[in-house]
Amino acid sequence: MGKLERYFEDVARITAVGVSVRRWVRVIRHHDGEINVVILRGMVRQCSPDEVASEIRTALLAAVADHRRKYCQLRVDYFGSPVGAEPFTPNELQHGEWQES
């Protein structure tokens, strides 16, 4: 098996984890694409609907950022550079939409 094949296999095995800002929610994105969302008991009762949505959103974005970090690191490990794999850093726009910068 060549270096490129090993690289693609390692990329396919990336598992990413993200935790929300207030640590109520944990998101795990498994290598097969399955996503698990773990919500701590009591969050829905103690938080407003907007806070619940924000916690889930920040955990999901943290998982995406973790996946991107691991992907960039594999590029460095295999090819010596992360060129072509920029880090994921979301910015909230004035209208509540998210974009990648």
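Everything quoted here is computed from the prediction, not taken from an experiment.

**A look at the pattern of salt bridges**
Now for step 1: Applying the stated rule across the entire model yields five salt bridges.
Now for step 2: Among the ionic pairs, R22 bridges to E51, the shortest N-O distance being 3.5 Å. In this pair, R22 is assigned in the loop between β1 (16-19) and β2 (25-29) and E51 in helix α3 (residues 49-79), connecting sequence segments 29 residues apart.
Now for step 3: Residues K70 and D66 are paired through a salt bridge, measuring 3.2 Å at the closest nitrogen-oxygen approach. Linking K70 with D66, this pair stays in helix α3, spanning four residues, or about one helical turn.
Now for step 4: Its relative accessible area of 34% is what places K70 among the partly exposed residues.

Conventions adopted
- Residues numbered from 1 in each chain as written.
- Predicted model: local features only at pLDDT ≥ 70, side-chain atom pairs only at ≥ 80, totals over all residues.
- Heavy atoms only, no water.
- Salt bridge = Lys/Arg side-chain N within 4 Å of Asp/Glu carboxyl O.
- Helix = DSSP H or I, 4+ residues; strand = E, 2+ residues; numbered from the N terminus.
- Buried < 20%, exposed > 50% of the residue type's maximum accessible area, 1.4 Å probe, protein only.

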